[in-house]
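# Descriptive analysis of the structure
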Amino acid sequence: MRDEVDDLVEAWARERDDLDLGPVAVFSRISRLAHHVDRARRQAFTAHDIESWEFDVLAALRRAGRPYELSPGRLLRETLVTSGTMTNRVDRLATRGLVERHPDPSDRRGVLVRLTPEGKEAVDGAFAALLDAERDLLTGLSEKDQTELADLLRRLLVPFAD
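Residues numbered from 1 in each chain as written. Predicted model: local features only at pLDDT ≥ 70, side-chain atom pairs only at ≥ 80, totals over all residues. Heavy atoms only, no water.

## A closer look at the UniProt feature "domain: HTH marR-type" (unreviewed entry) in the protein
Taking the numbering used here, the UniProt-annotated feature "domain: HTH marR-type" (unreviewed entry) corresponds to residues 23-158. Between the end C-alpha atoms of residues 23-158 there is a gap of 18 Å, over a span that is 68% helix and 12% strand. (UniProt positions renumbered as here; feature names shortened; annotations may be inferred. Helix = DSSP H or I, 4+ residues; strand = E, 2+ residues; numbered from the N terminus.)

## With respect to the pattern of salt bridges
Note that side chains of opposite charge can pair when their charged atoms are close. One pass over the structure, following the stated rule, counts 17 salt bridges. Of the charged contacts, one joins E10 and R2 as a salt bridge, the two residues approaching to 2.9 Å between their closest N and O atoms. Classification of E10 as partly exposed rests on a relative accessible area of 43%. Between D132 and R135 there is a salt bridge, with the nearest N and O atoms lying 3.0 Å from each other. Linking D132 with R135, this pair stays in helix 6 (residues 117-137), spanning three residues, or about one helical turn. Several salt bridges converge on common partners, so that one network encompasses R2, D7 and E10. (Salt bridge = Lys/Arg side-chain N within 4 Å of Asp/Glu carboxyl O. Buried < 20%, exposed > 50% of the residue type's maximum accessible area, 1.4 Å probe, protein only.)

## Points about the packing of helix 3 (residues 52-63) against helix 6
One way to put it is that helix 3 packs onto helix 6 with a least axis distance of 9 Å and a crossing angle of 105°. With respect to helix 6, the element helix 3 is oriented roughly perpendicular. Residues F55, L58, A59 and R62 of helix 3 lie in contact with helix 6, whose contacting residues are G119, K120, V123, D124, A126, F127 and L130. For the contact of helix 3 with helix 6, a count of residues per class yields seven nonpolar, one polar and three charged. (Axes fitted to C-alpha atoms, helices over the stretch in contact; angles between N-to-C directions. Parallel < 35°, antiparallel > 145°, perpendicular 65-115°, else oblique. Contact = heavy atoms within 4.5 Å. Nonpolar A, V, L, I, M, F, W, Y, C, P; charged D, E, K, R; others polar.)

## With respect to the sheet that holds strand 3 (residues 107-115)
If you walk across this open sheet you meet the three strands as 1-3-2, and the pairing is antiparallel. Strand pairing shows two members of the sheet lacking a second neighbour, strand 1 (69-70) and strand 2 (99-104), which therefore form its edges. The sheet contact formed by strand 2 and strand 3 spans six bridges and is antiparallel. Bridged to V99 within strand 3 is L115. (Pairing = 2+ DSSP bridges.)

## A few points about the domain arrangement of the protein
How big an interface is tends to be stated in terms of accessible area lost as the parts join. Annotation of the protein at the domain level lists domain 1 (1-47) and domain 2 (50-130). Just the C-alpha atoms count here: the centres of domain 1 and domain 2 sit 34 Å apart. Opposite the five residues of domain 1 that make contact, domain 2 presents eight residues. By the criterion of area lost to domain 2, the three top residues of domain 1 are R41, A44 and F45, representing 90% of everything that side buries. (Domains from an automatic or database assignment. Buried area = accessible area lost by both parts, 1.4 Å probe.)

## What to know about the packing of aromatic side chains
Counted according to the given criterion, the structure contains two aromatic pairs. Geometrically, the ring pair formed by F45 and F55 is stacked, given 4.4 Å between the ring centres and 20° between the ring planes. One end of the pair, F45, is in helix 2 (residues 22-46); the other, F55, is in helix 3, with ten residues separating them in the sequence. Each member of the pair, F45 as well as F55, carries the same accessibility label: buried. (Phe/Tyr/Trp six-rings, centres within 6.5 Å; stacked < 30°, edge-to-face > 60°.)

## A word on helix 3
Given 3.6 residues per turn, any residue in an α-helix points the same way as the ones three and four places further on. With twelve residues, helix 3 should cover 16 Å at 1.5 Å per step; its first-to-last C-alpha distance of 16 Å lies within 8% of that length. By the burial criterion, the buried members of helix 3 are W53, E54, F55, V57, L58, A59, A60 and L61. (Expected span 1.5 Å × (residues − 1).)

## As for the nonpolar core
Core analysis: the largest hydrophobic core is formed by 24 residues, its most contacted members being I50, F55, L58, L61 and L75. Those elements that place two or more of their residues in this core are helix 2, helix 3, helix 5 (83-95), strand 3 and helix 6. Beyond its immediate chain neighbours, meaning those up to four positions away, F55 contacts R41, F45, I50, V123, A126, F127 and L130. (Core = buried A, V, L, I, M, F, W, Y, C linked by side-chain atoms within 4.5 Å.)

Dropping the structure here:
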């Protein structure tokens, strides 16, 4: 079985036979796959009337468990955005009725961002649609292959963990 990356690697090998092209064979495929995953994400989220950035915030709150709330600082760590960006995002989600702010009972100056029932419905629907789309992308791999691939990718990502 061949793909366009095989052609790309062969062309580079012809032009630069002095280089080890192993990384190109791996990362060109990861890059192309990321494009397909991004498209599947956008389609799943659009079908549930949310954008990718909205999903990231809503999903962080949903994963927190009942009562589906986090401090803004915790949301920053979960979504890897700046404070100003998070404030803007929470404002926009609150305007849409997907989250609400509540006083933090443990810090009288603080607030907690809480998922509303509408936000929970939106994120749950989008997540189910995303899983269906991602499952479709993996149809060419057995469960064993999927587990092996996840393990290999984990080994690549661990050095970047905070």
